[in-house]
Amino acid sequence: MKHKIAALFGATLLASPLAAQETDLLIGSTSASSSHYGYFVAVGQLINENTEGLKASVVETGATLDNIRRMGRGQIDLGLVTTNAVQHAVSGTNAFEGNAQDLRLLWVYTNAPQNVVVRADADVDNLEGLAGKRFNPGIKGGSTEATTEAVFKALDLSADYVRGSTTDIVGAIKDNRLVGYVKSGSGPKLDGSTMDIAVSTDISVLGLSPEQAETLRADMPDISVVDIPAGAADGIPAYSTWAFGVGVAAPASMDDETAYQIVSVIMADKTAQANAMAALAGANLAQMTLDYGTVPLHPGAARWFEEQGMELPAKLMAK
């Protein structure tokens with residue numbers, strides 16, 4: 001009888017939560033109307049299906065700056081960041097002046113052109129034409145908003161800024177209460193929310209002039225100037241705009257093994273991420289991370305890159 005009790009007691013222990021503990025991870029994303037939100041849903045599924053002891057859930061947030069602040073408060077475990085904003089956060093500059101954040105990069109998954117989208121009937125043909133027009137500089141609290149304002153200041157541009165969520169702004173543009181907005185693209189294509197507007201409203205995209213592009217290259221080294229080929233959407237010609245990388249960061253306190261497992265499954269995946277965001281089909285996320293990363297990699301992430309024999313640039317190495 002004693003042996004039976006001991007056996008039953010042992011079985012109970014094996015089946016208890018203590019024997020099969022999972023680490024719950026909250027992933028900060030962006031507005032649910034954005035194509036980037038769908039990408040993070042795919043990331044969460046990859047983590048849940050391919051890692052040992054990790055359980056991820058995706059939460060809708062106000063994008064980059066909101067995610068950085070939430071990570072600082074311990075409210076989320078990893079999240080979407082742009083490469084310029086996370087560099088500001090880690091160095092304690094711009095919106096994080098005197099309040100440096102202890103974050104590390106996990107990976108970069110796309111380079112996000114910042115598209116200045118306007119109604120075709122707004123009679124606005126260039127960026128200067130936005131002066132006095134009701135215009136949204138980007139989702140409230142997000143990196144697009146902050147970067148747009150910095151770009152406009154550098155180029156001596158102005159607009160009558162209207163703040164709001166992507167859903168609110170898309171509705172206002174459709175109703176002709178706003179002339180347009182700035183929205184991150186999906187690689188060389190316009191974002192899903194912009195395509196939603198285009199279903200019922202003719203749109204155009206305002207590009208940088210050569211002089212404006214040169215000014216940004218000289219005065220804003222934390223962003224890139226990119227040339228978008230014709231076809232970002234039907235009828236949209238080629239244009240130049242500003243861009244930054246979009247990736248995932250985590251607090252430096254994240255366990256090294258957790259970071260390693262996450263990065264390993266992300267880099268091994270060949271279909272799920274591309275299915276969620278078509279622009280990622282054939283994308284080399286490892287090389288993109290090396291090219292666009294602006295802050296040190298998390299040690300767990302760095303371990304994966306080193307195992308692949310990849311040489312890390314100085315900016316991605318822990319100081």
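Higher on the page you've got the structure.
Here the structure is a predicted model, which is why all the values come from computation and not from measurement. (Residues numbered from 1 in each chain as written. Predicted model: local features only at pLDDT ≥ 70, side-chain atom pairs only at ≥ 80, totals over all residues. Heavy atoms only, no water.)

Applying the stated criterion to the full structure yields 1 cavity of 30 Å³ or more. Volume-wise, the largest cavity comes out at about 210 Å³. Lining the largest cavity are 18 residues, and of these Thr30, Ala63, Thr144, Lys183 and Ser184 sit closest to its centre. Of all elements in the fold, only strand 3 (78–82), helix 5 (143–154), strand 7 (180–184) and strand 10 (239–251) reach the threshold of two or more residues within the lining of the largest cavity. The dominant element in the lining of the largest cavity, judged by the number of residues it contributes, is strand 7, at 3 residues. Partitioned by chemical class, the residues of the lining of the largest cavity number 6 nonpolar, 11 polar and 1 charged. (1 Å grid on protein atoms, 1.4 Å probe; cavity = no way out; pocket = protein on both sides within 12 Å on 5 of 7 lines; lining within 4 Å. Points joined across faces, edges and corners; volume = space filled by probe spheres on them. Helix = DSSP H or I, 4+ residues; strand = E, 2+ residues; numbered from the N terminus. Nonpolar A, V, L, I, M, F, W, Y, C, P; charged D, E, K, R; others polar.)

Bringing the nonpolar core into the picture now. Judged by nonpolar contacts, the single largest core of 54 residues is most densely connected at Tyr39, Leu78, Leu106, Trp107, Tyr109 and Ile262. The residues contacting tryptophan 107, other than those within four sequence positions of it, are Tyr39, Val43, Gly247, Val248, Ile262, Val263, Ile266, Met267, Gln273, Leu285 and Thr289. Within the second largest apolar cluster, 22 residues are counted, among which are Leu127, Met220, Ile223 and Trp242. (Core = buried A, V, L, I, M, F, W, Y, C linked by side-chain atoms within 4.5 Å. Buried < 20%, exposed > 50% of the residue type's maximum accessible area, 1.4 Å probe, protein only. Contact = heavy atoms within 4.5 Å.)

This brings us to the packing of aromatic side chains. Counting across every chain of the model gives 6 aromatic pairs. Taking 6.2 Å as the distance between ring centres and 15 degrees as the angle between the ring planes, the aromatic pair formed by phenylalanine 135 and phenylalanine 152 counts as stacked. Taken together, the positions of phenylalanine 135 in strand 5 (residues 134–136) and phenylalanine 152 in helix 5 put the pair 17 residues apart, joining distant regions of the chain. Across the pair, exposure class does not vary: phenylalanine 135 and phenylalanine 152 are buried alike. Centre to centre, the rings of phenylalanine 152 and tyrosine 161 are 6.3 Å apart; their planes meet at 50 degrees, and the pair counts as tilted. The exposure class of tyrosine 161 is partly exposed, given its relative accessible area of 25%. Taken together, Tyr39, Phe40 and Tyr109 form an aromatic cluster joined through their ring pairs. Here arginine 303 stacks its cationic end above the ring of tyrosine 260, 3.5 Å away from the centre of that ring. (Phe/Tyr/Trp six-rings, centres within 6.5 Å; stacked < 30°, edge-to-face > 60°. Lys NZ or Arg CZ within 6 Å of the ring centre and 35° of its normal.)

Between two packed helices, both the angle of their axes relative to each other and the distance between the axes serve to describe the pair. At a closest axis distance of 10 Å, the pairing of helix 3 (residues 64–72) and helix 4 (residues 83–91) adopts a crossing angle of 35 degrees. Of the two possible hands of crossing, helix 3 and helix 4 adopt the one that is right-handed. Only Ala85, Val86 and Ala89 of helix 4 make contact with helix 3, whose side of the interface consists of Thr64, Leu65 and Ile68. Tallied by class, residues from the contact of helix 3 with helix 4 come to 5 nonpolar, 1 polar and no charged. (Axes fitted to C-alpha atoms, helices over the stretch in contact; angles between N-to-C directions. Left-handed = near helix turned anticlockwise from the far one by under 90°.)

Right, let's get into the pattern of salt bridges. Throughout the structure, instances matching the rule amount to 11 salt bridges. Linking aspartate 196 and lysine 174 is a salt bridge whose minimum nitrogen-to-oxygen distance equals 3.1 Å. Here aspartate 196, found in helix 7 (residues 192–200), pairs with lysine 174, found in helix 6 (residues 166–174); they are 22 residues apart in sequence, far enough to count as distant. Residue classification places aspartate 196 among the partly exposed residues on the basis of a relative accessible area of 35%. (Salt bridge = Lys/Arg side-chain N within 4 Å of Asp/Glu carboxyl O.)

Assignment of secondary structure puts threonine 30 in the loop between strand 1 (23–28) and helix 2 (35–50). Given a relative accessible area of 7%, threonine 30 falls into the buried group. Residues contacting threonine 30, with those up to four places away along its chain left out, are His36, Tyr37, Glu60, Thr61, Ala63, Leu80 and Ile139.

For the rest of this paragraph, the subject is the pairing of strand 1. As defined by bridge partners, strand 1 adjoins strand 2 (residues 54–59) across 6 bridges and the pair is classed as parallel. Counterpart to isoleucine 27 in the pairing with strand 2 is valine 58. Handedness of the crossover joining strand 1 and strand 2 through helix 2: right-handed. Pairing between strand 1 and strand 3: 2 bridges, direction parallel. Paired with glycine 28 across the two strands is glycine 79, which belongs to strand 3. (Pairing = 2+ DSSP bridges. Right-handed = clockwise from strand over helix to strand, strands pointing away.)

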